[in-house]
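Here are the chains, one letter per residue:
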Amino acid sequence: MGASEAASAALGTSRPTVIVDDVHVDYQVYATGKRARTETRALRRPTGMRESRTIHALRGVSLTAYEGDSIGVVGHNGSGKSTLMRTIAGLSAPVRGAVYADGQPALLGVNAALIGDLSGERNVVLGGLALGMSREEVAARYDEIVDFAGIGSAIDLPMATYSSGMGARLRFAIAASATHRVLLVDEALAVGDAAFRQRSESRIKELRDEAGTVFLVSHSMGTIRETCTRGIWIDHGELRADGPVDEVVTAYEKSVR
Ligand SMILES: Nc1ncnc2c1ncn2[C@@H]1O[C@H](COP(=O)(O)OP(=O)(O)OP(=O)(O)O)[C@@H](O)[C@H]1O
């Protein structure tokens with residue numbers, strides 16, 4: 001054991017699982033509409049050239065997550081919460097700064113890249129393998145995944161024939177079947193009827209107990225308070241607060257009142 005590890009052990013501190021170091025993420029968008037046309041004209045752009053606009057979705061966010069943390073991520077619409085989750089999962093690249101993570105953080109709901117022409121059954125196998133399970137593990141969890149998705153005999157049909165809700169439920173079921181060291185749950189991705197949501201919530205709780213670290217993005221302050229110990233408030237792409245969940249949620253609630 002090295003000196004710093006010995007010091008950590010003595011202090012009872014846990015290991016960092018995710019380090020977000022001064023992360024900046026931009027999106028390039030092409031503007032249309034009256035205002036954009038007026039602005040474009042003012043710049044006397046050559047015809048045929050569309051005006052591109054840069055959206056600074058994250059502006060220098062830094063934080064460290066530790067083993068055992070369950071972190072509620074709050075902030076108004078468009079503040080950058082989903083972008084932060086996508087960046088931690090490695091799905092969006094920072095233009096500046098970096099993310100260091102222990103293993104591959106899993107963003108629940110979207111990591112499984114499924115194929116429309118294949119049946120739900122084949123996609124369960126594919127998705128499971130993509131999440132790092134062995135064929136045997138996929139076979140062992142197959143029934144559980146299909147039951148969880150609750151799509152019945154449609155599991156034999158090509159996924160292209162599914163409604164968007166059915167597809168999302170199956171993707172969620174596949175992603176939720178694996179355990180992850182760092183789990184990112186964006187509630188915007190949680191779908192389905194009341195019964196499915198209830199199944200998802202209790203599965204998220206189980207996964208949280210199994211995972212090292214969980215991030216949960218939600219607009220429900222009740223869910224955040226119930227599920228998380230630490231809170232992070234993202235405001236206009238910046239980290240406005242980071243601390244005990246009750247403090248952060250109370251401060252956020254005051255600001256929106
Ligand atoms: N793919 C994209 N292309 C262009 N702009 C994007 C894209 N995704 C997000 N944005 C912009 O980046 C900013 C942050 O968006 P983000 O989805 O991270 O916010 P959020 O806090 O998760 O919002 P919400 O609570 O509404 O889900 C917003 O201004 C949004 O319009």
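None of these values were measured; they are calculated from a predicted model.

Turning next to the site of the ligand. Close to the ligand lie 13 residues; Gly-78, Lys-81, Ser-82, Thr-83 and His-219 are nearest. Burial of the ligand by the surrounding chains reaches 63%, relative to a free accessible area of 640 Å². Residue assignment for the shell around the ligand shows that the elements contributing at least two residues are strand E1 (16-30), strand E2 (52-66) and helix H3 (81-88). Ranked by the residues each element gives to the shell around the ligand, the list is headed by H3, at three residues. Residues of the shell around the ligand, tallied by class, amount to four nonpolar, eight polar and one charged.

Our focus in this paragraph is the packing of aromatic side chains. Working definition: an aromatic ring pair is given by the centre-to-centre distance plus the angle between the planes. According to the stated counting rule, one finds four aromatic pairs in the structure shown. Summarising the aromatic geometry, the rings of Phe-148 and Phe-196 are spaced 5.6 Å apart at their centres and angled 80° between planes, so their arrangement reads as edge-to-face. One end of the pair, Phe-148, is in helix H5 (residues 135-149); the other, Phe-196, is in helix H7 (residues 194-210), with 48 residues separating them in the sequence. For the pair shown, Phe-148 and Phe-196 are each scored as buried. When the ring of Phe-172 is compared with that of Phe-196, the centres are 5.9 Å apart and the planes differ by 70°; the resulting orientation is edge-to-face. Placement of Phe-172 in helix H6 (residues 164-177) and of Phe-196 in helix H7 is noted, with a sequence separation of 24 residues between them. Across the pair, exposure class does not vary: Phe-172 and Phe-196 are buried alike. Every member of this aromatic cluster is reached through a ring pair, and the members are Phe-148, Phe-172 and Phe-196.

The next subject is the nonpolar core. Among the nonpolar cores identified, the biggest contains 37 residues, and Leu-108, Ile-155 and Leu-170 are the most heavily contacted of them. Among the elements of the structure, H5, H6, strand E6 (182-186), H7, strand E7 (213-217), helix H8 (221-227) and helix H9 (245-256) are those that each provide at least two residues to this core. Per-element accounting of this core gives the leading share, six residues, to H6. Discounting chain neighbours no more than four positions away, the residues touching Ile-155 are Ser-119, Gly-120, Glu-121, Val-124, Tyr-142, Val-146, Tyr-162 and Leu-170. Counting residues in each nonpolar core, the second largest holds 21 residues, with Met-85, Ile-88, Leu-107 and Val-217 among its members.

Here the focus is the side chain of Ser-92. As for its placement among the helices and strands, Ser-92 is situated in the loop between H3 and strand E4 (96-101). The buried category is assigned to Ser-92, whose relative accessible area is 11%.

The subject of this paragraph is the sheet that holds E7. Spatial ordering of the open sheet is given by E5-E6-E7-E3-E8-E9, a layout of six strands whose pairing is mixed. A single partner strand is all that each edge strand has here, and the edge strands are strand E5 (106-108) and strand E9 (238-244). Averaged over all pairs of adjacent strands, the angle between their axes in this sheet comes to 20°, without regard to strand direction. Both strand E8 (residues 230-235) and E9 contribute to a ladder of six bridges, which runs antiparallel. Considered in E9, the bridge of Ile-232 is made with Asp-242. In the packing of H3 onto the sheet, the strands contacted are strand E3 (70-74), E5, E6, E7 and E8, and the crossing angle to E7 comes to about 150°.

Cut-off values and rules
- Residues numbered from 1 in each chain as written.
- Predicted model: local features only at pLDDT ≥ 70, side-chain atom pairs only at ≥ 80, totals over all residues.
- Heavy atoms only, no water.
- Near = heavy atom within 4 Å.
- Areas by Shrake-Rupley, 256 points an atom, 1.4 Å probe, with all protein chains shown as cover.
- Helix = DSSP H or I, 4+ residues; strand = E, 2+ residues; numbered from the N terminus.
- Nonpolar A, V, L, I, M, F, W, Y, C, P; charged D, E, K, R; others polar.
- Phe/Tyr/Trp six-rings, centres within 6.5 Å; stacked < 30°, edge-to-face > 60°.
- Buried < 20%, exposed > 50% of the residue type's maximum accessible area, 1.4 Å probe, protein only.
- Core = buried A, V, L, I, M, F, W, Y, C linked by side-chain atoms within 4.5 Å.
- Contact = heavy atoms within 4.5 Å.
- Pairing = 2+ DSSP bridges.
- Axes fitted to C-alpha atoms, helices over the stretch in contact; angles between N-to-C directions.

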